[in-house]
Amino acid sequence: MTGGEPVAPWARRFVWAFLAVFVIAGAFGIEAWPLTGWRLFADARTATQASFEAFTVDAAGQERPIPFGDLPVRFRGNVQVLKAYPDLRPSQQAAVCSAWADAVRARGVEVREVRIYRVQVDVSKRVGRRAAPPRRTLRWTCADGTVTAAAATARAGATGGGPGG
């Protein structure tokens, strides 16, 4: 096309429809790629941030973070699954724990139970020049197809690994 030729009517309609959908996505906070509500850039972050971490426990009681990055690709949405975990029905929570335990067992690691911790980080607190250690609170223990909600006990100093979110 040269500069003097008119634009096809279907192209104009497409551009106007795309722009309208783009504006609606931004106005209502819809996150559907390639459209965005700009939450990544516009949400204020507070000093206290909470997430969940999942660990396996062997017969000796030793905890290890679930190595989501080393598991098959279907387990890599762990951040979203952990974020939604509190809202799942108990049967769904048990199924998620069982799937994680089975995936770790398939790598040759003994798994007696899965523990899920709520991790709270206060980025405003410092210990010397470093951030203060996160506070971990055991929330659920999964074993033998059942999920048990834990009493509110806290441990300071989380071990490395695990998802954030």
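As the structure is a computational prediction, the values presented were derived from the model and not from experiment.

(A) Expanded view of the overall build of the protein. Within the protein, the regular secondary structure consists of 4 helices and 8 strands. Counting helices and strands in the order they occur from the N terminus, the protein gives α-α-β-β-α-α-β-β-β-β-β-β. Within the protein, the proportion of its 165 residues that are buried is 26%. Here the contacts in the protein between residues at least 6 apart in sequence split such that 54% fall between residues at least 24 apart. Working note: accessible area of the protein is about 11100 Å², and carbon and sulfur atoms make up 59% of it.

(B) Local environment of the pattern of salt bridges. In total, this model carries 7 salt bridges according to the counting rule given. For E63, the salt bridge is made with R136, and the minimal N-O distance between the two is 3.2 Å. Taken together, the residues span a long stretch of sequence, with E63 in strand β2 (residues 63–65) and R136 in strand β6 (residues 135–143) at a distance of 73 residues. Given the relative accessible area of 0%, R136 is considered buried. Taken together, the shared-partner salt bridges in this structure form one network comprising E63, E113, R115 and R136.

(C) How the structure looks around the state of the cysteines. Summed over the entire model, instances satisfying the criterion amount to 1 disulfide. In this model C97 forms its disulfide with C142; the gap between the sulfur atoms is 2.1 Å. With C97 in helix α4 (residues 90–105) and C142 in strand β6, this pair connects stretches of sequence that are 45 residues apart. Assigned by exposure class, C97 and C142 land together as buried.

(D) Summary view of the side chain of Q93. Here Q93 lies in helix α4. A relative accessible area of 6% means that Q93 is categorised as buried. In contact with Q93, other than residues within four places in its own chain, are Y85, P86, L88, W140 and V147.

Rules and cut-offs
- Residues numbered from 1 in each chain as written.
- Predicted model: local features only at pLDDT ≥ 70, side-chain atom pairs only at ≥ 80, totals over all residues.
- Heavy atoms only, no water.
- Helix = DSSP H or I, 4+ residues; strand = E, 2+ residues; numbered from the N terminus.
- Buried < 20%, exposed > 50% of the residue type's maximum accessible area, 1.4 Å probe, protein only.
- Contact = heavy atoms within 4.5 Å.
- Areas by Shrake-Rupley, 256 points an atom, 1.4 Å probe, with all protein chains shown as cover.
- Salt bridge = Lys/Arg side-chain N within 4 Å of Asp/Glu carboxyl O.
- Disulfide = S-S within 2.5 Å.

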